[in-house]
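# Working through the structure, step by step
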Amino acid sequence: MPGDIEKVGVLIIGAGPTGLGAATRVNQHGHKDWLIIDQADDAGGLACTDTTPEGFLFDMGGHVIFSHYQYFDELIDAAVGSGPDFWNTLERVSYVWIKDRWVAYPFQNNVSALPKEDQIKCLIGLADAKVANAVAQTKPKNFDEWIERVMGAGIADMFMRPYNFKVWAVPPKKMQCEWLGERVATVDITRAISNVINNKEDAGWGPNAVFRFPLEGGTGAIWKGVAKLLPKENQRYGPKNQVTGIDKDAQVVTLQDGKKIQYDALISTLPLDIMMTWLGQKKQADVLTHSSSHIIGIGIRGQCPHGLKCWLYFPEDDCPFYRTTVFSHYAKKNCPADDVKMRTVCLGDGSETPDSKEESGPYWSLMFEVSESYCKPVNRESGKFAGGTWDGLVKETIQGALNTKLISGSDQIVSIYHRRLEHGYPTPSVERDGVLVDALPFLRQYNIWSRGRFGSYKYEVGNQDHSLMLGVECADNVLFGAKELTLNHPNIVNAKKNMELLYSKTFHASHN
Ligand SMILES: Cc1cc2nc3c(=O)[nH]c(=O)nc-3n(C[C@H](O)[C@H](O)[C@H](O)COP(=O)(O)OP(=O)(O)OC[C@H]3O[C@@H](n4cnc5c(N)ncnc54)[C@H](O)[C@@H]3O)c2cc1C
C-alpha cells in the first residue's frame, strides 16, 4: 500500500562483487529475510561489461583476475562453469611504451631495452637508492618518497612518477605508501644489472604468469552468473531502486521512486563519501578522495598486429591513457564474428569515411583507460559525434593510439565506445586512514556496514576477489559477529601463502 514501509532483515545496497558476496553468504547460511537492490539494470557494478551497437564488448577497464581466495575461485566456477569450455587461459604479456619503444614489464628489470644513457641513469639511481636505504633511519613519508627510495631517481623520473600521476590523477606526494604491500614490484638490483649486461628481456611474473578470462560475455558474465545463483525474488534492479537517502535513526532508506525500506542491518557498497555526506559528516567525506575513470574502446577491422600482448602501460604525454588492453586477445567473442558486415566510422588518423560500405571482418579491439580528478582535468565534453568524427577525449585517445603505434593511420575503426565512471579509483591519500578509523565505527552504531571498493575505500583490497570477500566476511560479521580479515588485515590477505593457510573455508564446503 502507498505510504507503507517495507521491512527486511538484511538490506544490501549494490549488486557489484561486494554486494553479491554478501548476498551469496547470507543465502548460503539459509537466511530468507534479505534483499539486494541496485540502481543499475543488471548485476556487476564496476565489474560489468558493455556491448556497443556494433557488437564489441568492453569491460570497465582491464579486469584481470588475481585471486587470493579459494572461495572466490569456486564461486566464479559455479557461476560461469569450470575449465576450458568456459574460460580462456592467457599468459600475462605486458609492456611499457616509452622512448618510442616497448620495454617489457616490470620496467625495473628491463632497462636494458632503453637507450644507453637512460640505462646508466636507471642503474646509478638503483645503486644510490640501495645505499641510501641501507642507512635510512625513517620510513618513507609518502608514495613519492617510497618510489625514490626503492627505485632510485632514474626510474622514478622516467617511469614511476609520470606513470603514477597518469593512473591516480594525483601527485604521488599526496599518497601514502602503506597500501603498497605486494602491489608494486620492488627491485632486485643484481637482477637489474645482470639483465643489462646480458641484454636480456625479463618479464618476471613468477608463479602468477597466467590469468583466466570468460570465453563469453566479458568480466560482466562472471557477476551476472553469480547473481543467477541467487533467488530472483531477493534481487531488484533498475533506476527506481536507487537509494536517495537514509534515516539512520529509524533505519530506513528512501528509494528514487519514493518507496521506503526499513532494515535491521544495512550492508552498503555505495561510495562511503556519499554515505557520510548523507549522514551529515561532510568534513570526513571531503577527505576521502577518488579519481574518475574514462573507458574508451575502439573496434577495428583487420588482423590484430599485437601478437600475445595483453595490457600496456603509457607513462609519457604522447597519449592521454595510462593503460591499454588488447581486449580482442582476451576472448574471440569480445568482437563480432568475422562475417558480420559493418561500415567504417573513421580511419586511424581520424579522417572521416562518409562513403564507406558495409564490409566483413575479422575484427580486433583496444580498450583505453584515462583518469580524471580535481588536479588532472580532462575534456569531459568528449564522445559527441561532430560531422562523422569524435571530439574531445575520444579524439585525443585515437590520436594517442596513433602516436604510440597501437594503430596505423589507415586502420578502419568500425566501433567507438566511451563511458565515464565517476568513482573509478579510491585514492590511498595520506589522510585516508585517519577518516576510515572513525567513519566505519560511526556507521556501525546505526547498524550500517559500509564495505567494498568504495564502501570501505581501501584500494589495497579493492579488486574483485577482495570485494567479493569483503561482502562474504561482512555477512558473517552481521550474522555471527565473525572477524573480517580482508577489511582489517589487507597485508595478510594479500600474502597469498598466508591466505591458503588461514582461509580454508570454501564456497562448496560451507554450502553443505
Ligand atoms: C578502471 C578499473 C580497473 C579495474 N581493474 C581490475 C582488475 O584488473 N582486477 C580486479 O579484480 N578488479 C579490478 N577493478 C576493480 C573491480 O571493478 C572492483 O573490485 C569491484 O567492481 C568492486 O565491487 P563493489 O561491489 O565493491 O563496488 P561496485 O562494483 O562499484 O558496485 C557498487 C554497486 O552499487 C550500486 N550503487 C551505487 N550507488 C547506489 C545507490 N545510491 N543506490 C543503489 N545502488 C547503488 C552501483 O550501481 C554498483 O552496481 C577495476 C576497477 C576499475 C574502475
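Counting starts from 1 at the beginning of each chain's written sequence and moves along it residue by residue. Confidence filtering applies because this is a predicted model: local features only for residues at pLDDT of at least 70, side-chain atom pairs given and counted only at 80 or more, and all residues used for totals across whole chains, interfaces and linings. Side-chain calculation: all heavy atoms of the structure are included, whereas hydrogens and water are not.

## Considering the domain arrangement of the protein chain
Under the domain assignment used here, the protein chain contains domain 1 (5–48 + 67–82 + 215–289 + 428–511), domain 2 (107–204) and domain 3 (291–426). Between the C-alpha centres of domain 1 and domain 2 the distance comes to 35 Å. Between two residues, a contact is recorded if the distance between any of their heavy atoms is within 4.5 Å. Of the residues lining the interface, twelve residues belong to domain 1; the matching set on domain 2 comes to ten residues. When two parts are brought into contact, each loses some accessible area as probed by a 1.4 Å sphere; the total of that loss over both is the buried area. For the pair domain 1 and domain 2, the summed buried surface comes to about 980 Å²; carbon and sulfur atoms form 50% of the total. Domain borders in the structure are assigned automatically or taken from a domain database.

## Focus on the pattern of salt bridges
Criterion for a salt bridge: a side-chain nitrogen of Lys or Arg within 4 Å of a carboxyl oxygen of Asp or Glu. Here the structure, examined in full by the defined rule, presents 24 salt bridges. Here Arg432 makes a salt bridge to Asp433, at a shortest N to O gap of 2.7 Å. Think of it in three bands: with a 1.4 Å probe and only protein chains considered, a residue is buried below 20% of the maximum accessible area for its type, exposed above 50%, and partly exposed in between. For Arg432, a relative accessible area of 1% gives the class buried. Salt bridges sharing common partners tie together Asp144, Glu148, Asp157 and Arg161.

## Quick word on the layout of surface pockets
Here a cavity denotes grid points, spaced 1 Å and computed from the protein atoms alone, that fit a 1.4 Å probe unable to get out, and a pocket denotes an open set having protein on both sides within 12 Å along at least 5 of 7 lines; residues with an atom within 4 Å of a point are the lining. Grid points are joined across faces, edges and corners, and a volume is the space filled by probe spheres set on the points. There is about 210 Å³ of room inside the second largest pocket. What lines the second largest pocket is simply Gly302, Gln303, Cys304, Ser328, His329, Lys332, Cys335, Pro336, Asp338, Pro362, Tyr363 and Trp364. Only Asp, Glu, Lys and Arg are considered charged in this grouping, and only Ala, Val, Leu, Ile, Met, Phe, Trp, Tyr, Cys and Pro are considered nonpolar; every other residue, Gly among them, is considered polar. Split into classes, the residues belonging to the lining of the second largest pocket amount to six nonpolar, four polar and two charged.

## Some remarks on the site of the ligand
Within the structure, the ligand sits among 29 residues, and Thr18, Asp38, His63, Val64 and Gly462 are positioned closest to it. At 2.6 Å, a side-chain N or O of Thr18 approaches an oxygen atom of the ligand. A 1.4 Å probe and the Shrake-Rupley method give the accessible areas. Residues count as covered only by the protein chains that appear here. Alone, the ligand offers 1000 Å² of accessible surface; in the complex the protein occludes 92% of this. Helical segments are the DSSP runs of H or I of at least four residues, strand segments are the runs of E of at least two, and each set is numbered from the N terminus. Looking at the shell around the ligand, the elements that each hand over two or more residues are α1 (17–28), β20 (412–426) and α11 (464–480). Whether a residue is near a molecule or strand is decided by its heavy atoms; if any one of them lies within 4 Å of it, the residue is near. Polar contacts, as used here, are pairs of N or O atoms within 3.5 Å; protein pairs need one atom able to donate a hydrogen and one able to accept it. Residues neighboring in sequence count only if both atoms are side-chain atoms.

## Some remarks on empty space enclosed by the protein
Going through the model one piece at a time under the given rule, you end up with two cavities of 30 Å³ or more. Roughly 40 Å³ of volume is contained in the largest cavity. If you trace the largest cavity, you find it lined by Val64, Ile65, Phe66, Phe72, Asn463, Gln464 and Asp465. Tallied by class, the residues present in the lining of the largest cavity amount to four nonpolar, two polar and one charged.

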